Amino acid sequence: MNTGPAGLDAQPSATTYELGDLVPLAWGGRIRVPHFQRDFRWQSQDVLRLFDSIVKGYPIGNLLLWVRKQKPEEFMLGKLRLMAPAHDESLWVVDGQQRLISLANALSVDGHKYKPFNVYYDLSAKEFVETPTLREAHHISLPVLFDLRKLLTWFRTDGIAASEYFDEAERVATALRQYKVPAYLVRQDDRDALTDIFDRMNNYGRRLNRAEIFSALYSGEEQGADERLTLAKISDNVAERTGFGSIDTGTVLASVLARRGSDPMRDIRVEFSVAGRRTRPEFPDEDQLTAYTQGEEALVRAVEFLIREAGVPHISLLPYRAQLVTLTRFFAHFPQPQPNNIRLLRRLFWRLSLVGPMVFKGSFTLFSRTLGAKIHPRDEEGSLHAMLDTISDAGPVIPSVDRFRTNEAMTKVILSAWWSLDPRSLTTGEILDSRSLDAVLDQDRTAANAAPMIFPRLRDARRKLWPANRLFLPDDGDPVSELPGALALQPLDIDDETWDSVLASHLLDRDVAVLADQDRDAFLAARQERILPQLAAFIGRMAEWDYEDTPSLDALDLDGEFQEFEEADLPIAPETEG
């Protein structure tokens, strides 16, 4: 049944406005912002980029304007307090609010006083800038540049020392005033139809994410595009080489950027350009293909560490994507870490899995930036200890085992603990490997399909969410729809010793397993009691909270110390772990 708006009475009409006409319409109160629009969100860089696009003749997008009658009313447009006169055809902004508010305020004497609308044009550097700390003759404000009379007066007075830049000022002023903005005009009295349009444009339509923007910026020529290495192909290559599953392109991009510099959230528009960068790249002469190729290799090494050393076999079990980004940066600079440093790196990974969200306030950006800045090329030992120091004040943590949801980080920790038990198939008794897990999950973002519920129709909502109500079965051949019976009944072709190993790999024994088909409450209670000790033991082995994060022997100069004891007949103490 269709209960929404009836639709538009007529299709929108298309038109164009020159900025020289559009902006005065806004100042005169003819252009308004409906209440259902979001607040102004743009920052200084967004406003600067808007004007840069206009002067370069780049498209800045269409406007969608709602034409309707308006009574006289005072209102705010950004920082401007305006008076809207009565009019039969006032224009209300359905799409384009951020752009129109930026234009109206930055080009106005009153709006220009406030950040982020305080834009100047540097006639010498030929670029838009925020209010300069030190104003010079060649800095001209946008309200002056936009108004021809004010511009001529400025060159006779304040800008007399900048007379050599008159041609540049005239060029930019003309480009601003004559820039054409496409617009669609909707004539519709039904407010519900307009809010419906707004909702669909801002929620149903998917915005480009950072990886998509980066790929578009550096997509290269059309010819040869199919063979060119891309973020998506890097993801596919890593999955094929490691069996770790499909890493999203956003994480691939952050990993590629982290290899090249400590801040993976930096401005992507100048990544392969010297101009405009705030920091010097660590691989300054590297082209895009090399950056992608070496980024893939570092990412593969990071993934192999997760699989072989950290006990995380698949992307769906990785607690936080920022961890992979940090590991990629580490393995980019230290491809073959010292054995003790591998151990320290494993400690770091698991400690971050447990306390990282508290230390870094759950922020991907803070997490990756902070740890990325601690990784210094040519200082493997120092980098590791600097990263460990960021969480030195955090104590041991054991996740709660009251809830199991595969999209949550702590459940991923539980699944990794179960993976360390070498889970076996209920039908063949064979140990299930990471390739089997990858085959079951395919492109899944979580491990839900590899961790079925034993009792999916359990009435007790609390117990239904217990980890005890799940099995880790990364195998297409297991009877996930008949798990209670499969646990209670030993297959005829599996011997007793193997069956005991199968049950143990799922935190069960024969006495508990038989309850699955007889007393589900007793089964869940008994299995739940086994989960926390196994989880605590796993975390204890991996995070090693009780060990000191001492440097490796190779990093210490012990010659002096040994010389002091050469003459003494002292017993040699056993080597301490750490």
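Residues numbered from 1 in each chain as written. Predicted model: local features only at pLDDT ≥ 70, side-chain atom pairs only at ≥ 80, totals over all residues. Heavy atoms only, no water.

Caption draft 1: Summary view of unusual backbone geometry. The omega torsion across Lys115 and Pro116 is 10°, close enough to zero to call that bond cis. Unusually for a residue other than glycine, Asp422 sits at a positive phi of about 55°. For Asp422, a relative accessible area of 40% corresponds to the partly exposed category. The backbone phi angle of Glu544 is positive, close to 45°, even though this residue is not glycine. (Buried < 20%, exposed > 50% of the residue type's maximum accessible area, 1.4 Å probe, protein only.)

Caption draft 2: Summary view of the environment of Leu344. Secondary-structure assignment places Leu344 in helix H13 (residues 339-359). Distance from Leu344 to Glu544, taken between C-alpha atoms, is 9.2 Å for residues 200 residues apart in sequence. (Helix = DSSP H or I, 4+ residues; strand = E, 2+ residues; numbered from the N terminus.)

Caption draft 3: A look at the sheet that holds strand S7 (residues 119-122). Strand order in the open sheet formed by 3 strands is S8-S7-S9, and the pairing between neighbours is antiparallel. Each of the sheet's edge strands pairs with one partner strand only, and the pair in question is strand S8 (127-130) and strand S9 (139-141). Geometrically, the sheet is characterised by an average inter-axis angle of 40° between neighbouring strands, direction not taken into account. Where S7 meets S8, 4 bridges bridge the pair, whose relative direction is antiparallel. The residue bridging Tyr121 from the neighbouring strand is Phe128, located in S8. (Pairing = 2+ DSSP bridges. Axes fitted to C-alpha atoms, helices over the stretch in contact; angles between N-to-C directions.)

Caption draft 4: A look at the pattern of salt bridges. Using the criterion set out here, one finds 28 salt bridges in the structure. A salt bridge links Arg171 to Glu168, with the nearest nitrogen and oxygen atoms 2.8 Å apart. On the criterion of helical spacing, the pair formed by Arg171 and Glu168 is a turn pair, its members being 3 residues apart in helix H6 (residues 166-178). In this structure Arg171 comes out as partly exposed when scored by relative accessible area, which is 40%. The class for Glu168 is buried, based on a relative accessible area of 11%. (Salt bridge = Lys/Arg side-chain N within 4 Å of Asp/Glu carboxyl O.)

Caption draft 5: The pairing of strand S3 (residues 63-70), seen in detail. Within S3, 6 of the 8 residues are buried, which leaves it mostly tucked inside the rest of the structure. Bridge analysis of S3 against strand S10 (residues 180-187) gives 5 bridges, and the strand direction is parallel. Looking at S10, one finds that Leu65 is bridged to Leu185.

Caption draft 6: Seen up close, the nonpolar core. One finds Ile247, Leu306, Val312, Leu324, Trp350 and Phe523 to be the most contacted residues of the largest nonpolar core, which totals 93 residues. If you tally residues by element for this core, the top one is H13, at 9 residues. Leaving out residues up to four positions away in the same chain, Leu324 has contacts with Ile247, Thr251, Ser255, Leu299, Ala302, Val303, Leu306, Ile315 and Leu318. Membership of the second largest hydrophobic core comes to 51 residues, among which are Leu77, Val93, Phe155 and Leu185. (Core = buried A, V, L, I, M, F, W, Y, C linked by side-chain atoms within 4.5 Å. Contact = heavy atoms within 4.5 Å.)

Caption draft 7: A look at the sheet that holds strand S1 (residues 13-18). The strand order S1-S10-S3-S6-S2 describes an open sheet built from 5 strands, whose pairing is mixed. Looking at strand neighbours, the two that pair on one side only are S1 and strand S2 (31-32), the edges of this open sheet. In the sheet, S2 pairs with strand S6 (residues 87-95) via 2 bridges, with the strands oriented parallel. Across the sheet, residue Arg32 finds its bridge partner in S6, namely Trp92. Running at roughly 95° to S1, helix H1 (residues 19-27) makes contact with S1, S2, S3 and S10 of the sheet.

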